[in-house]
Amino acid sequence: MRIGRVAPLFTVGITATLVAAFAPAQASAAEPLNRFEKQKPAWQRCDASQPAALQCATIEVPLDYGRPGGKTIKLAISRMQTSVPGKRHGVILFNPGGPGGEGLDMPVMMKGAMPKKVLEQYDLIGFDPRGVGRSSPVTCGLQGAEQNTEHAYRPATFSRDVAWARTVAEKCRAKNGDRLPYITTRNTARDMDVIRAVLGEKKLSYLGYSYGTYLGAVYAQMFPQRTDRWVLDSSVDPARVWRGMIQVWAEGTEPAFTRWTKWTAQHDRTYHLGNTPAKVKKTFWNLIARADRSPIDDGGRKLTGDDIRASLRAEFFSPKYAAEAVMNLMKAADGHATPGRSLVPADQRGTPQRAAFAAQTPADNGSAAFWSVVCGDTAAWPRDPEQYRHDAIQNKAKYPIYGDFGSNITPCAFWNKPAEPVTAVNNDVGVLTVQNQWDSQTPLVSGLGMHRALKGSRMVFVQGGEGHGVYSGDPHACANIAVNSYLSTGKLPAKDVTCKVSGRQSPGVNQSIVPEPQHTPQAPRF
């Protein structure tokens, strides 16, 4: 997986051997889950830097729901009581994406985005998912370049990529021991149901972004009778978890790149990159070749062609950003860099500061949580490094901008086998999905995959919409009107809704609403 303008964020179902003692999703009445569900949270102000109305508490949940009488972990939850007596419908839980996104401050952010008619009906609930932030955070002790997860395929460096992937997996095992197999989406969904019970609610409403859409879909699959008003914004395709969701970045970038060449050619008087799409495309690839021969100085960083491909992948979904970036790189290559300009990857733009109460988590927590989930959710990762080499070569030819990055080896090649099979999402629970047409982290093909899997869903599609994350504070935006109507009435649209962007959409409109997970700049996220 999380998000700002692009989160980074994510993906192919296959079963694994089930640990014999692992129980089904809903534990039987004979199992001691009662003690978790009957906890009484000790609410207190989260932090002096946050509004006094944001309260935090810590509850316990089983490490392994198949053995609820065994080890436990701490789960940090938060709330803002905004509902009005007589109008209250229940609680709404939020997830910002990731995997690895901290969500304790989501109630504050969403209070600023939701209209009064919605706020009056809900108490707003946030949480740090297991292994994240203040919820028994995981760490792998990763340092420096070990957190750089974007690796272009080159024959001369592939052995180093394999060594990196093996080292990360070994460090994660050494640091987390028997906890590691249980930092998964299915267990986080179970945690959500404990939160529901602790809050005294029969049903749970939910708004999840990016990776949070997959988490929400898994909850709906496991607990359909407890799924109330459910909004999934910028969706992961559950049939692609998780390698396929990283690969879909490459697939989705190619049409965005084609669109960019057309747009940039139309604005040649501004950017001087070519007056036809073919010329713009040639300019870009000439720049890549030039940077590979002689890295370009960009604000003190030396950028190779591979660096530029990785950094610009997400930019192409918003043509103006990409055109400005390429123009400035051309100037830098000629020794005429614009003072103060640098190629800031789109998934770093607008990242808010961490809340003080979340600042003590391990420095690599976001990356450690990301790998724990995407490697632990599914056994669909190839085990043979040569398969990654083959796929990277093949997909670089098919998707030149990012194909080799998306298919290169990851720590999941050396991860332990998952404790459970991947969740097959194929239910008919009523869900509202929301999707921009030009989303770099969960491209349209991914959002359509979620819509197909959730047979009872309706989609709000923003034609021409750019950026990762749709629902925001604009009460007049077509998509927001549809979401607010559903949250306030519980009635899904009779059919799918197509919204059109009016005027010039500002990419990244939601970056002040949805927090980025605190990964390193190079860590992937949804």
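All figures in this text were calculated on a predicted structure; none of them were measured in a lab.

Quick notes on the rules
Residues numbered from 1 in each chain as written. Predicted model: local features only at pLDDT ≥ 70, side-chain atom pairs only at ≥ 80, totals over all residues. Heavy atoms only, no water. Helix = DSSP H or I, 4+ residues; strand = E, 2+ residues; numbered from the N terminus. Buried < 20%, exposed > 50% of the residue type's maximum accessible area, 1.4 Å probe, protein only. Areas by Shrake-Rupley, 256 points an atom, 1.4 Å probe, with all protein chains shown as cover. Salt bridge = Lys/Arg side-chain N within 4 Å of Asp/Glu carboxyl O. Core = buried A, V, L, I, M, F, W, Y, C linked by side-chain atoms within 4.5 Å. Contact = heavy atoms within 4.5 Å. Phe/Tyr/Trp six-rings, centres within 6.5 Å; stacked < 30°, edge-to-face > 60°. Lys NZ or Arg CZ within 6 Å of the ring centre and 35° of its normal. Axes fitted to C-alpha atoms, helices over the stretch in contact; angles between N-to-C directions. Parallel < 35°, antiparallel > 145°, perpendicular 65-115°, else oblique. Left-handed = near helix turned anticlockwise from the far one by under 90°. Nonpolar A, V, L, I, M, F, W, Y, C, P; charged D, E, K, R; others polar. Expected span 1.5 Å × (residues − 1). Arc of directions from axis to C-beta. Polar contact = N/O pair within 3.5 Å; in protein donor to acceptor, adjacent residues only side chain to side chain.

K.L.:
Honestly, the overall build of the protein in this entry has me stumped. Any pointers?
P.N.:
Tallying secondary structure elements over the protein gives 16 helices and 12 strands in all. Sorting the 526 residues of the protein into buried and exposed places 61% on the buried side. When the accessible surface of the protein is split by element, carbon and sulfur atoms take 52% of a total near 19800 Å².

K.L.:
How should I be thinking about the pattern of salt bridges in this particular structure?
P.N.:
A side chain of one charge can pair with a side chain of the opposite charge if their charged atoms are brought near each other. All chains considered together, the criterion is met by 25 salt bridges. With a closest N to O distance of 3.3 Å, D292 and R154 form a salt bridge. Highlighted residues: D292 in helix α9 (residues 277–293) and R154 in the loop between β5 (122–127) and α4 (158–176), separated in sequence by 138 residues. We classify D292 as partly exposed; its relative accessible area is 36%. Between R290 and D334 there is a salt bridge, with the nearest N and O atoms lying 2.9 Å from each other.

K.L.:
Please explain the nonpolar core as it appears in this structure.
P.N.:
Among soluble globular proteins, nonpolar side chains are generally buried collectively. Core analysis: the largest hydrophobic core is formed by 142 residues, its most contacted members being M114, W230, W242, W260 and I308. For this core, the element with the highest residue contribution is helix α7 (residues 243–266), accounting for nine residues. Excluding residues within four positions of it along the chain, W260 makes contact with L273, V280, F284, F316, P319, A322, A323 and V326.

K.L.:
So what exactly am I meant to see when it comes to the packing of aromatic side chains here?
P.N.:
Given two aromatic rings, one states the distance between the centres and the angle between the planes to describe the pair. Enumeration according to the criterion identifies 21 aromatic pairs in this entry. Centre to centre, the rings of W249 and F526 are 5.1 Å apart; their planes meet at 45 degrees, and the pair counts as tilted. With W249 in helix α7 and F526 in the segment after β12 (497–500), this residue pair connects regions lying 277 residues apart in the sequence. Taken as a pair, W249 and F526 share a single burial class, namely buried. Taken together, a centroid distance of 5.6 Å and an interplanar angle of 35 degrees make the contact between F257 and W260 tilted. Residue F257 and its partner W260 are both found in helix α7; the two are separated by three residues, about one turn of the helix. Across this residue pair, the class does not change: F257 and W260 are buried. Three or more aromatic residues joined by ring pairs form one cluster here, namely W164, Y211, Y214, W242, W249, F370, W371, Y402, F405 and F526. Positioned over the ring face of Y402 is R313, at 5.2 Å from the centre of the ring.

K.L.:
What am I meant to see in the packing of helix α5 (residues 185–198) against helix α6 (residues 211–222) here?
P.N.:
In helix packing, the relevant descriptors are the interaxial angle and the interaxial distance, both defined with respect to the helix axes. Their axes nearest at 9 Å, the elements α5 and α6 cross at an angle of 70 degrees. Here α5 is positioned roughly perpendicular relative to α6, judged by the angle of their axes. The chirality of how α5 crosses α6 is right-handed. Residue-level inspection shows T185, R186, T188, A189, R190, M192, D193 and R196 of α5 in contact with α6, the latter providing Y211, Y214, L215, V218, Y219 and M222. Class assignment for the residues of the contact of α5 with α6 results in eight nonpolar, two polar and four charged.

K.L.:
Which parts of the structure should I look at to understand the packing of α9 against helix α11 (residues 319–333)?
P.N.:
Direction vectors running N to C along α9 and α11 enclose 45 degrees, while the axes themselves pass 11 Å from each other. On the basis of the axis angle, α9 is oblique to α11. Between α9 and α11 lies a crossing of left-handed hand. Between α9 and α11, the contacting residues are T283, F284, L287 and R290 on the first element and V326, L329, M330 and A333 on the second. The class makeup of the residues in the contact of α9 with α11 is six nonpolar, one polar and one charged.

K.L.:
Whenever I open this one, α9 confuses me. Can you help?
P.N.:
The periodicity of an α-helix, 3.6 residues per turn, causes residues three or four places apart in sequence to face the same way. With 17 residues, α9 should reach 24 Å at 1.5 Å per residue; the first-to-last C-alpha distance of 25 Å fits that figure. Of all the residues in α9, the buried ones are V280, T283, F284, L287, I288 and A291. End-on, the buried residues of α9 take up no more than an arc of 135 degrees, which puts them together on one face. Facing away from the buried side of α9 by over 90 degrees, the exposed positions are A278, K282 and R293. Elements that come into contact with the buried residues of α9 comprise α7, β8 (296–298), β9 (301–303), α10 (305–312) and α11.

K.L.:
How should I be thinking about the environment of D334 in this particular structure?
P.N.:
Along the chain, D334 turns up in the loop between α11 and α12 (365–376). The partly exposed category is assigned to D334, whose relative accessible area is 44%. C-alpha separation for the pair D334 and I296, spaced 38 residues apart in sequence, amounts to 9.0 Å.

K.L.:
Quick question: what am I supposed to make of the side chain of S488 here?
P.N.:
Examined against the element boundaries, S488 turns out to sit in helix α16 (residues 478–489). Exposure remark for S488: the relative accessible area of 15% places this residue in the buried category. Polar contacts involving the side chain of S488 include one to the main-chain carbonyl oxygen of N484, which spans 2.8 Å. Side-chain polar atoms of S488 contact the backbone oxygen of S485, separated by 3.1 Å. Those residues in contact with S488 that sit more than four places away from it in its chain are K117, V118, Q121 and R229.

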